[in-house]
Amino acid sequence: MIADINAQSREDIYYDTLKGVLLYHNTLNEYPLHWHNEVELILPLSGSFQVKFHNDSSAVENCAPGDIMLIAPGTLHEYLAVEPGGEKLILLFDITNYSQVSSLVPLLKTLPPYVHVRASQFPVEAARLQNYFWDIERLYGESDEFLQISVYSLVTLILAQIGSMHLVDAVLPAGTSDSQSKNIEKLVTVTNYIDSHRGEDLSVEQLADLAGFSKYHFERLFKSCMGISCYQYITKRRVQMSQELLGDTDLSVMDIALQSGFFSLSTFNRVFKEANGCSPTEFRKLYRQGADALPGR
């Protein structure tokens, strides 16, 4: 959990579930001036509040539900109340401990102290980022190592998406190649394509062509940046889609398998059970009994 803020306003983060990742709901109307070594990502859920920054100027950003705020490590900031009830989903992530985001580190250094993605200005991008947040929230706390890797990969997607939106205005630091930034942009394009077409027949060869790489180079680059293979990522996103359909619709398991991109019911059942520790039918039953009954929670 979060330790007390010391005299220098530094906040030391203690991780209670996953190393280097802390996700929690915050309902405090105000929070004093502080900074930390982690990237902070904020998704406002209700009400409205302000974030005031003190590094270079006393900038104040008004945050509304659905916005996404990224606060860079070392940035002095505080929360100011506008109205009661400013509930937020806050994610803190230490990028220095994870090899799968190492290629993003120099690019993140090109970003300003904070980035505010307003849902009113970027509705499509904000919606995609919100979905990543909710995927993380659903997987957070799982004991399965594959699902833990999924959390890190989803955080990487958030960072890459926000970074990609600001590469045009960024000044790359010395030692960062132009090809590196272009590779990140291409991977964001590919992951966005997967998310939009995960119910369709996808192949690594097809995605490599989309990125403009050979299959061999694409697979190496994808795993280096994402921490899992492209095939594992596709499978993970399809399983997550099937979870949503099982929980929110009355479609048959067969129909859900097909809509999620699994064209064999036996394959779907096997992959789903490997990822969740239960069958799709059992998952639906447990889901409707309540989230606390789901495996690993």
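Report follows, based on the coordinates. Owing to the predicted nature of the structure, the values given are computational and were not obtained by experimental measurement.

A look at the side chain of Q243
Of note, Q243 is situated in helix 7 (residues 230-248). Of the residues examined, Q243 reaches a relative accessible area of 6% and is grouped as buried.

Remarks on the packing of aromatic side chains
Geometrically, a pair of aromatic rings is defined through the distance of the ring centres and the angle of the planes. Within the structure shown, the criterion is met by eight aromatic pairs. Plain terms: the ring middles of F53 and Y114 are 3.9 Å apart, the flat faces sit at 10° to each other, and that makes the pair stacked. Taken together, the residues span a long stretch of sequence, with F53 in strand 6 (residues 49-53) and Y114 in strand 11 (residues 114-117) at a distance of 61 residues. Grouped by ring-pair contacts, the aromatic residues F262, F268, F272 and F283 constitute a single cluster. Directly above the aromatic system of F49 lies the positively charged group of K88, at a separation of 4.7 Å from the ring centroid. Above the face of the Y79 ring, K88 is positioned so that its terminal group lies 5.1 Å from the ring centre.

A look at the nonpolar core
Ranked by internal contacts, the top residues of the largest apolar core, which has 59 residues, are L41, I162 and F218. Residues contacting F218, with those up to four places away along its chain left out, are L187, V190, V204, L207, A208, A211, F213 and C230.

A few points about the sheet that holds strand 6
One open sheet accounts for four strands, arranged 4-9-6-7; its pairing is antiparallel. With partners counted over all chains shown, the strands left at the sheet margins are strand 4 (31-34) and strand 7 (60-63), one partner each. Along the sheet, successive strands turn relative to each other by an average axial angle of 25°, direction set aside. Bridge analysis of strand 6 against strand 9 (residues 77-81) gives five bridges, and the strand direction is antiparallel. Residue pairing across strands places K52 opposite E78, the latter belonging to strand 9.

Notes on the packing of helix 7 against helix 9 (residues 265-276)
At a closest axis distance of 10 Å, the pairing of helix 7 and helix 9 adopts a crossing angle of 90°. The angle between helix 7 and helix 9 falls in the class roughly perpendicular. Of the residues in helix 9, those in contact with T235, V239, S242, Q243 and L246 of helix 7 are F268, V271, F272, A275 and N276. Its residues assigned to classes, the contact of helix 7 with helix 9 comprises six nonpolar, four polar and no charged.

A look at the packing of helix 2 (residues 123-139) against helix 7
At a minimum axis distance of 12 Å, the contact between helix 2 and helix 7 shows a crossing angle of 85°. If you check the angle between helix 2 and helix 7, you find them roughly perpendicular. The residues of helix 7 that touch helix 2, namely those facing Y132, D135, R138 and L139, are R237, Q240, Q243 and E244. Of the residues contributing to the contact of helix 2 with helix 7, the split by class is two nonpolar, two polar and four charged.

Here's the deal with helix 2
For helix 2, with 17 residues, the first-to-last C-alpha span of 24 Å sits near the 24 Å given by 1.5 Å per residue. Among the residues trailing helix 2, G141 stands out with phi positive, at a value near 95°.

Thresholds applied
By convention here, each chain's residues receive numbers from 1 onward along its written sequence. Per-residue local features are limited, in this predicted model, to residues with pLDDT of at least 70; the limit for side-chain atom pairs, both in listing and counting, is 80 or more; totals at the level of whole chains, interfaces and linings are taken over all residues. Derived side-chain values reflect all non-hydrogen atoms in the structure, with water molecules and hydrogen atoms excluded from consideration. Numbering of helices and strands runs from the N terminus, with a helix taken as a DSSP run of H or I at least four residues long and a strand as a DSSP run of E at least two residues long. To sort residues, take the accessible area from a 1.4 Å probe on protein chains only and compare it with the maximum for the residue type: under 20% means buried, over 50% means exposed, and anything in between is partly exposed. Pairing of aromatic side chains requires ring centres within 6.5 Å, counting the rings of Phe and Tyr and the six-membered ring of Trp. Pairs whose planes differ by under 30 degrees are stacked, by over 60 edge-to-face, and all others tilted. Think of it as a cone above the ring: NZ of Lys or CZ of Arg counts as a charge over the ring if it is within 6 Å of the ring centre and within 35 degrees of the ring normal. By nonpolar core we mean a set of buried residues, namely Ala, Val, Leu, Ile, Met, Phe, Trp, Tyr and Cys, connected to one another through side-chain atoms within 4.5 Å. Throughout, a contact is declared for two residues whenever any of their heavy atoms are within 4.5 Å. In this description, strands pair whenever DSSP reports at least two bridges between them. The axes used here are C-alpha line fits, helices contributing only the stretch in contact, and every angle between their N-to-C directions lies in the interval 0 to 180 degrees. The labels follow the angle: roughly parallel below 35 degrees, roughly antiparallel above 145, roughly perpendicular from 65 to 115, and oblique for the rest. Under the convention adopted here, Pro, Cys and the residues Ala, Val, Leu, Ile, Met, Phe, Trp and Tyr are nonpolar, Asp, Glu, Lys and Arg are charged, and Gly plus all remaining residues are polar. Each helix should span, by expectation, one fewer than its residue count multiplied by 1.5 Å.

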